[in-house]
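# Architecture and fold: a report
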Amino acid sequence: MTELSRRNFLLGAGAAGAALAMSAAGVAYAADKKDSKEEDWSSQVTEEISCDILVIGGGFSGTASAVQAGENGDKVVLIEGQSALGGNGTGVECTNAYGLHPNSGEATLGDMVRYEADAQSYTVNQMFIRDMISHAAENVQWLIDNGVQYEAIEDLDPAYLAMYKEGRYRAEFSFDYVYKGGAAGIGYFPFMKKKLAEYGVNLRLNTRARDLIVDEGGNVAGAYATDTYGDTIKINAKAVIIGTGGFGEDADRMGKLGVDLNDIRIIGTPGHYGDGVTMMIKAGGIEHGAPAFGCTNIIGSAGPWGPIWDKLCWGGPCLWVDINGERFSDEACSTYTHNFELQNVPVRLAGGTCWSIMDKNILETMLDGDAEAAQLWDEMVAKGDDSYKADTLEELAGKMEGVDKELFLANVKQYNDLV
Ligand SMILES: Cc1cc2nc3c(=O)[nH]c(=O)nc-3n(C[C@H](O)[C@H](O)[C@H](O)COP(=O)(O)OP(=O)(O)OC[C@H]3O[C@@H](n4cnc5c(N)ncnc54)[C@H](O)[C@@H]3O)c2cc1C
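An account of the accompanying structure is given in this report.

Reading the values: rules and limits
- Residues numbered from 1 in each chain as written.
- Predicted model: local features only at pLDDT ≥ 70, side-chain atom pairs only at ≥ 80, totals over all residues.
- Heavy atoms only, no water.
- Helix = DSSP H or I, 4+ residues; strand = E, 2+ residues; numbered from the N terminus.
- Buried < 20%, exposed > 50% of the residue type's maximum accessible area, 1.4 Å probe, protein only.
- Contact = heavy atoms within 4.5 Å.
- Areas by Shrake-Rupley, 256 points an atom, 1.4 Å probe, with all protein chains shown as cover.
- Near = heavy atom within 4 Å.
- Polar contact = N/O pair within 3.5 Å; in protein donor to acceptor, adjacent residues only side chain to side chain.
- Nonpolar A, V, L, I, M, F, W, Y, C, P; charged D, E, K, R; others polar.
- Axes fitted to C-alpha atoms, helices over the stretch in contact; angles between N-to-C directions.
- Left-handed = near helix turned anticlockwise from the far one by under 90°.
- Pairing = 2+ DSSP bridges.
- Parallel < 35°, antiparallel > 145°, perpendicular 65-115°, else oblique.
- Expected span 1.5 Å × (residues − 1).
- Arc of directions from axis to C-beta.
- Core = buried A, V, L, I, M, F, W, Y, C linked by side-chain atoms within 4.5 Å.

Scanning the chain from terminus to terminus reveals 17 helices and 14 strands. Buried residues in the chain amount to 47% of all 419 residues. A separation of at least 24 residues holds for 73% of the contacts in the chain among residues at least 6 apart in sequence. By element, 51% of the accessible surface of the chain is carried by carbon and sulfur atoms, the whole surface being about 20300 Å².

Inspection of the region around the ligand gives 32 residues, with Glu80, Glu93, Cys94, His272 and Asp275 positioned closest. The separation between an oxygen atom of the ligand and a polar main-chain atom of Asn88 is 2.9 Å. For the shell around the ligand, the secondary structure elements donating two or more residues are α1 (60–71) and β7 (208–214). When grouped by side-chain class, the residues that make up the shell around the ligand number ten nonpolar, 18 polar and four charged.

So, on to the packing of α1 against helix α7 (residues 189–198). Describing two packed helices takes the angle between their axes plus the distance from one axis to the other. Between α1 and α7, the least distance of the axes is 9 Å, while the angle of their chain directions is 35°. Every pair of crossing elements has a handedness; the one defined by α1 and α7 is left-handed. Counting all contacts with α1, which are made through Phe60, Thr63, Ala64, Ala66 and Val67, the residues of α7 involved are Phe189, Met192, Lys195 and Leu196. Taken together, the residues of the contact of α1 with α7 sort by class into seven nonpolar, one polar and one charged.

The buried fraction of strand β13 (residues 354–359) is high, at five of six residues. Bridge analysis of strand β12 (residues 319–321) against β13 gives three bridges, and the strand direction is antiparallel. Bridging from a neighbouring strand, Trp320 pairs with Ser356 of β13.

Right, let's talk about the side chain of Thr232 for a bit. Looking at the element boundaries, Thr232 is found in strand β9 (residues 232–242). Its relative accessible area of 1% is what places Thr232 among the buried residues.

A few words now on the packing of helix α2 (residues 109–119) against helix α3 (residues 126–134). Viewed as axis vectors pointing N to C, α2 and α3 meet at an angle of 130°, and their least axial separation amounts to 10 Å. Between α2 and α3, the interaxial angle falls into the category oblique. Classified by chirality, the crossing of α3 by α2 is right-handed. Across the interface between the two elements, Leu109, Met112, Val113, Glu116 and Ala117 of α2 pack against Gln126, Ile129, Arg130, Ile133 and Ser134 of α3.

Here we come to the side chain of Glu249. When you line up the elements, Glu249 lands in the loop between β9 and α8 (251–256). A distance of 3.1 Å separates a polar side-chain atom of Glu249 from the backbone nitrogen of Gly271.

With that out of the way, let us pick up helix α17 (residues 405–418). In a regular helix each residue adds 1.5 Å, so 14 residues correspond to 20 Å; α17 covers 20 Å between its end C-alpha atoms and thus fits that length. Looking at α17, one finds that the buried residues are Phe408, Leu409, Asn411, Val412 and Tyr415. Buried residues of α17, seen end-on, are gathered within an arc of 165° and therefore sit on one face of the element. Exposed side of α17, more than 90 degrees from the buried face: Glu406, Lys413, Asp417 and Leu418 are the residues found there.

Turning our attention to the nonpolar core. One finds Leu143, Tyr150, Tyr188 and Met192 to be the most contacted residues of the largest nonpolar core, which totals 28 residues. The set of elements that each furnish at least two residues to this core consists of β2 (45–56), α1, β3 (76–79), α4 (136–145), β5 (177–179) and α7. Sorting elements by how many residues they give to this core places α1 first, with four residues.

Fair warning: the whole summary comes from geometry, so function is off the table for now.
Written out as structure tokens, the structure is:
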């Protein structure tokens, strides 16, 4: 075997996303992950209630919907599987409010739609983006009218403010306000919860929707849910709104997208088993559009690589190639849109696997003298689990599962020529 040259050996790392830690808001059914899709809930009903509107899921979407329906005078039931409202919204600093930033004065609606669509690599429905942007001001006003509290970012912790101003936490045209306390769990949900009570919304925590009720005409007429005690509730409703968030904990669905839950660390609050998607498909819904699985449950490797992980997945001075070994993106994307890598767009575009290719110099620059990160890196390489090093590009290509060697070599050459 050739002696490894410290200067020249090459490294490849398979990356599946980026991660931050966020504490759990509740544990109501954390242990209840059993597959209940085929269960006959109608035969187990112990309680039956009726309403105009049933809202399933008490995150941002569900809570806002329930407040709005209550405000409209509807009889509303809101069920949330966890023991608290908030879902992944709990730790959210702020929701972008387009067009409200002083610098956005010159920007047109089209400019803002393009900016956001570009940030998502055109993988999301632009009609939704347009709707969100054009109603930003009235939505913020509605929240304020319902008691939600904001504070200027200038009043925040200086270190946070510095990051925020760098642009990583704010879209180009959004305003400079965050929820009070810098988290929706403080400035948003407690106030919206008060409104739910004021409007007489029947809020049931620890209550997980299991199946939609579909009447003889094929219309959704409510849902079956279970509570902490395992009792089954039949909820009849004239309309059902589903706001169950993402499906990061649905092993089947994530598996189909090429993500093995054993290999990733899910961030966000627990309870994202994809119930809403599953129930809707069972009731006749059709899947539409690209899954944006970074949106509500950002995922990352189980390997705690410290700072190097961030640098690999959130852009960095590496060449990125897809599952075949082909370059697919401008790797500098993270310098102009944080959303690109945060929403796992690279991984999706790369067919589920994005290899970061670097040489020894780049690795050492990224490790920046961090001995612990260096050790973690060595351990990952020793395991040969998604991280490899080699003396030559040919040897490296042989280690990267599924990569077409010739294609890979041609892409590295082209990249180097361009650089
Ligand atoms: C760490 C982190 C930071 C983020 N920061 C920001 C940010 O600063 N700004 C921003 O705009 N966005 C941010 N996001 C994204 C944001 O959190 C989500 O877009 C948002 O929370 C989605 O709201 P939602 O109501 O659709 O889903 P969720 O917030 O996921 O809420 C879904 C709710 O449904 C409940 N549920 C699920 N299944 C059932 C069921 N069967 N029955 C009853 N209830 C059920 C869940 O428990 C959950 O409470 C962040 C996300 C994370 C993870």
